[in-house]
Structures are given as C-alpha cells and as structure tokens.
Amino acid sequence: MRQYGLLAVLFWPLLASAAVTNEFSLDNGLKVVVREDQRSPVVVTQMWYKIGSSYEPYGITGISHALEHMMFKGTPTVPAGEFSRLVSYLGGEDNAFTTDDYTAYYQLYSNNRLPLALELEADRMANLVLKNEDFSSEIKVVMEERRQRTDDNPSGLALERFQTIAMPTSPTRNPTIGWMSDLENIKIEDLQQWYKKWYAPNNATLVIVGDVKTEEVKSLVNQYFAKIPSQSLTIPPPPKELRNLGEREVKLELPAKVANLYMGFNVPSLTTANTPKEVYALQMLLGVLDQGLSARLESRLVRGKRILTAVNSGYNPYSRGDTLLTITAIPAEGYSLDDAKAAILTEINNLKTEAISEQELKKVYAALLADKVFSQDSISEQANEIGVLESLNLGWRTADNVAEQLKTISTEDIRQAAQQWLIPANMTTLHLKPTTLQVGEAK
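Student: How would you sum up the overall build of the protein chain? Please name residues and give values.
Tutor: Each helix and strand in the protein chain was counted, giving 16 helices and 11 strands. In terms of overall size, the protein chain behaves like a compact globule, its C-alpha atoms giving a radius of gyration of 23 Å where 443 residues would be expected to give roughly 22 Å. Each of the three principal axes of the protein chain carries a C-alpha extent, and together these read 65 × 60 × 40 Å. Relative to its full complement of 443 residues, the protein chain shows a buried share of 54%. Sequence-distant contacts in the protein chain: of pairs separated by 6 or more residues, those separated by 24 or more amount to 81%. Of the roughly 19,400 Å² of accessible surface on the protein chain, a fraction of 50% belongs to carbon and sulfur atoms. Computed over 44 positive and 54 negative side-chain charges, the inter-centroid distance for the protein chain is 3 Å.

Shown next as structure tokens:
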C-alpha cells in the first residue's frame, strides 16, 4: 500500500475522532440515525424519503418535487403556512429539497426544540391535507420555477438537454422539476396517491445530529412516530444505462453569454459498480484532471496553453443508479468548441498512457480528504451525508471507509478506469453556441 506520510498523520485522527453515531428502528420500519455532536447546543432533524424523480413514470414527472411544495400546506392541527411561521418564531430554520433519488425535509433549532421538530415532522408524515385549491395555485409556482431556472435560462436549458441525451435509457434523463407538459396535467389525485404510497415510515430515514442523547431521542421518536402505520412498498431496481451505447453529440444555439462545452461519460455509482474500487478510482481520476490549480486541465489548458478560460468537472458516486462523470468548459478567445473538446480529450487520453506521479496522487488524496474533514464542521452537512447514504441503502458507515478506500487507489487503477470508462462509446457532447435569438424562438 502507498504511504501518504504526513497527510495521513494530520487528517486521519480528525476522522477517527468523529462524534458518536447510533441507529435504531421502530416496528413500523422507520430508521433513525442519531449523531451526538455536543460542540454547540443546536440540533438538526432531517426526514429523508426514498422517493425522487428517478422513481417517476412518464406522465407525472415532477410529482415528487410538486409534493415537496405541498408538504407545507398544512394538516388539521397545523394550518397552511403555520409550519414555517412557527419554526421561524422559535428561532429555527426549515426547508426541503428534491433530487433524482430522495426528498428531504429539515429543521434546525436550539436543542431544546427537538420535541417540537419531531412532533411537526410526524404530523405531516401522517396527516397532510391535500386540497385542490392549494394545489392549483402551487403548481403554478412550480411551473414558474421551471421557466425561470430552465426554459428561460440558456445554461439551465442546455444542461437539461444534455442530461436527456446523456442518460437515454434510465429515468434520470428526466428533469427533477418535471417536463412542463406533465406539470400541466398532474392532478391532485396523483399527489394523494404518491403521498400515500411513498410517505411512509418504512420508506423514510430520520437523521438527527447535534447536542442530543440517543436514549432521549429514542423516547421522543417512539412518542411521535410509533403509531404511524407502514405501507406496502414495491421498490424498483437501480436504473442502469446501456454500456457502450455509442458516441452522442448535440448542438444548440441559445442566447447564452458565452459558448459552453458539456462533456459527459456514462459511469457507475457505488450502487451499480461491480466493486467499490471502480468508483474510488474514478474519483481519483477526476481529481488528477481537475482538483485544484495544479490539476491537469487547469494547469495545462487554462493557465498553460490558454485554450480554455474556465473548466469544471463533477462525479457523484452517491446515486441510486448509473451516473455521469462530467466536464464543462468555456473556450478562450480564438478557440472553438471543437478545439476545447480536442484539448480535453487529449488530456483524458494521456491518462491512459502517461505516468501519473506520486506527487499528483498525494495532492488529490489530500484535497479529497480535506473536503471530507472540513464538511464535518457543520451538523447539517453531517446529517446530509448520513441521509444520502441511507436513502441509497449504502448505509452511513460507508462514509467512514472513504479515506482508506481512496488510499488504496494506484496509478494503474486510474489508468484502467480511464481505459474502461472514458471512451467515445460512453461519451455525450453538447455544444452551446450563443445566438441573438430569445430562448424558445424558432431559428
């Protein structure tokens, strides 16, 4: 095994000394993960439901996000608008978010408000009132959100088109907010059925992080959630993309400010990879390409040859199914989108043949590990990590092994990952060219 010397000495004890984490489950299937972090007298509660846009059939895309909006419309005991008003009045924060794979709701308070947080969350899990008049107005809010973020936003629209082409055989090709044609046709009855089917204790994880004691939490959770009945669930398998589908390319002309290049490679996540090592090799690979100022794309193509003015990349190993490794770039003046693509592909292909130095690996490992350590400063970030892993059935302990897993990745592992996954047959490219036309106008 490679030795990382001072890096491991500095960072590993910080991870090893993490706050105590406990878990338990109720008879109705609700799983609860409690992390006792007593550094500050605050607590965050998060309710994670294993439902998002990757579960949605055609015709009702966007329903998970629409239901998220409606979860604030009240119950018989907490009328519409009172949930957030009460939280704010007591000095707390609350909000929610929907993704492809899960929907989560959070409250952040001083720790003496934990009973209230749990009472409010249990109430809307079991007693949400869905009224047609509320939905009629709220779905218009969702449609306007879609217009602002996507339909009238060139970069948002391009990203949506890119995702659709890059993930052609899995439901992650659909936008989380839904297609406008579906938003126009979703009925209140659809939301009622979605709520009844998926918003059940046996499809949820309650995450609590902060200045609390597990035994006290257990008593409160039993008090507020134990009587909520479970539901019969049929969970679809993780969505997988066809392997080596063939190179795909799309060209758009939209009123963007600058030309943009989007490149994506179909790759596995931790839920679909044959071995976890495949995923950690992809993380290290992307780090070599684009982790800091000394990474290859930045040092060679932005500050070196000046072919690009900006470059960004992404890879999320935590997904319910297959996912994308993405690179986006803006070409410098005098260079075309094709020039930018060719330059990036050259650096990618170099990974398949060119030696990666131990120094490069050490820098990438240190950066990834530092991100992991510093994220633990926030109780909300700690809860987010737990919630994501539990919602994907990977288990919160997966995070404890990341540093050791990354440390095992060799230059040969990275080379093999590049040769296997970063190939034309797995690649999608989108060229976004600026035009004077408004979004939605015909050429």
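The structure having been displayed, the exposition proceeds.
Student: Residue-level account of unusual backbone geometry, with values.
Tutor: Its identity as a non-glycine residue notwithstanding, asparagine 244 has a phi of 50 degrees, on the positive side. For asparagine 244, the position within the fold is in the loop between helix H9 (214-225) and strand E7 (248-254). Non-glycine residue arginine 306 carries a positive phi angle of around 60 degrees. Looking at where arginine 306 falls in the secondary structure, it is placed in the loop between helix H11 (296-302) and strand E9 (308-315).

Student: An account of the nonpolar core is needed here, citing residue identities and associated values.
Tutor: By size, the foremost hydrophobic cluster in this structure holds 63 residues, and its most contacted members are Met284, Leu285, Leu308, Leu325, Ile327 and Ile344. No other element matches the 9 residues that helix H10 (residues 276-290) contributes to this core. Among residues more than four places away in sequence, those in contact with leucine 285 are Leu325, Leu351, Ile414, Ala417, Ala418 and Leu422.

Student: Tell me about the pattern of salt bridges, and please be specific about residues and values.
Tutor: Side chains that differ in charge, positive against negative, can pair when their charged atoms come close. Taken as a whole and assessed by the stated rule, the structure comprises 26 salt bridges. Across the pair glutamate 144 and arginine 147 runs a salt bridge, and its minimum N-O distance is 3.3 Å. Pair noted here: glutamate 144 and arginine 147 are both in helix H5 (residues 132-151), with a separation of 3 residues, about one helical turn. Through salt bridges with shared partners, a single network forms among Arg296, Arg300, Glu347, Glu354 and Glu360.

Student: A description of the packing of aromatic side chains should follow, citing residues and the corresponding values.
Tutor: Considering all chains together, one arrives at 11 aromatic pairs under this definition. Considering the side-chain rings of tryptophan 48 and phenylalanine 97, the 5.5 Å spacing of their centres and the 80 degrees angle between planes classify their relative orientation as edge-to-face. On the criterion of sequence distance, the pair formed by tryptophan 48 in strand E3 (residues 42-49) and phenylalanine 97 in strand E4 (residues 93-98) is long-range, its members being 49 residues apart. Residues tyrosine 49 and tyrosine 199 carry aromatic rings whose centres are separated by 4.0 Å and whose planes lie at 20 degrees to one another, so their mutual orientation is stacked. Residue tyrosine 49 is located in strand E3, and its partner tyrosine 199 is located in the loop between helix H8 (188-198) and strand E6 (204-210); the two are separated by 150 residues in the primary sequence. The pair formed by tyrosine 49 and tyrosine 199 is uniform in burial state, with each residue classed as buried. Residue placement shows lysine 218 over the ring face of phenylalanine 24; its charged tip is 5.1 Å from the ring centre.

Student: Give a description of the sheet that holds E3 that names residues and reports values.
Tutor: Read across the open sheet, the 6 strands follow the order E1-E2-E6-E3-E5-E4; overall the sheet is mixed. Both edges of this open sheet fall to strand E1 (20-25) and E4, since each of them pairs with a single strand only. Direction aside, neighbouring strands of the sheet carry axes that sit 15 degrees apart on average. Bridge count between E3 and strand E5 (residues 103-110): 8 bridges; the pairing is antiparallel. Opposite valine 42, over in E5, you have serine 110 as the bridge partner. Against the sheet, H9 contacts E1, strand E2 (31-36), E3 and E6, and its axis sits at roughly 30 degrees relative to E1.

Student: Please provide a residue-by-residue account of the sheet that holds strand E10 (residues 323-331), values included.
Tutor: Spatially, the 5 strands line up as an open sheet ordered E7-E11-E8-E10-E9, and their pairing is mixed. Each having just a single partner strand, E7 and E9 make up the two edges of the open sheet. Neighbour to neighbour, the strand axes of the sheet diverge by 15 degrees on average, direction disregarded. Relative to strand E11 (residues 427-434), strand E8 (residues 260-267) runs antiparallel, the two being bridged by 6 bridges. By the bridge assignment for E11, methionine 263 is matched with threonine 429. In the packing of H10 onto the sheet, contacts are made with E8, E9 and E10, and the angle to E9 comes to roughly 170 degrees.

Student: Can you lay out the environment of leucine 157 for me, pointing to particular residues and giving the numbers?
Tutor: By secondary structure assignment, the location of leucine 157 is in helix H6 (residues 154-166). Here the alpha-carbon distance between leucine 157 and aspartate 211, two residues 54 residues apart in the chain, equals 43 Å.

Student: Residues and numbers for the packing of H10 against helix H13 (residues 358-375), please.
Tutor: Packing of H10 against H13 brings their axes to within 9 Å, and their N-to-C directions diverge by 110 degrees. Considered as vectors, H10 and H13 are oriented roughly perpendicular to each other. Touching Gln283, Met284, Gly287 and Val288 of H10 are Glu360, Leu361, Val364, Tyr365 and Leu368, all from H13. For the contact of H10 with H13, the per-class residue count stands at 6 nonpolar, 2 polar and 1 charged.

Student: Describe the pairing of E6, listing the residues and the values that go with them.
Tutor: Of all 7 residues that make up E6, 7 are buried, and the element is covered over most of its length. The side-chain alternation of E6 yields two buried faces, one formed by Ala204, Leu206, Ile208 and Gly210 and the other by Thr205, Val207 and Val209. Here E2 pairs with E6 via 6 bridges, running parallel. In the strand pairing of E6, valine 32 is matched with leucine 206. Pairing analysis gives 7 bridges linking E3 to E6, with the strands arranged antiparallel. Looking at E6, one finds that valine 44 is bridged to valine 209.

The rules behind these values
Residues numbered from 1 in each chain as written. Predicted model: local features only at pLDDT ≥ 70, side-chain atom pairs only at ≥ 80, totals over all residues. Heavy atoms only, no water. Helix = DSSP H or I, 4+ residues; strand = E, 2+ residues; numbered from the N terminus. Rg over C-alpha atoms; globule rule 2.2 N^0.38 Å. Buried < 20%, exposed > 50% of the residue type's maximum accessible area, 1.4 Å probe, protein only. Contact = heavy atoms within 4.5 Å. Areas by Shrake-Rupley, 256 points an atom, 1.4 Å probe, with all protein chains shown as cover. Lys, Arg positive; Asp, Glu negative; His and termini not counted. Charge placed at Lys NZ, Arg CZ, Asp CG, Glu CD. Core = buried A, V, L, I, M, F, W, Y, C linked by side-chain atoms within 4.5 Å. Salt bridge = Lys/Arg side-chain N within 4 Å of Asp/Glu carboxyl O. Phe/Tyr/Trp six-rings, centres within 6.5 Å; stacked < 30°, edge-to-face > 60°. Lys NZ or Arg CZ within 6 Å of the ring centre and 35° of its normal. Pairing = 2+ DSSP bridges. Axes fitted to C-alpha atoms, helices over the stretch in contact; angles between N-to-C directions. Parallel < 35°, antiparallel > 145°, perpendicular 65-115°, else oblique. Nonpolar A, V, L, I, M, F, W, Y, C, P; charged D, E, K, R; others polar.

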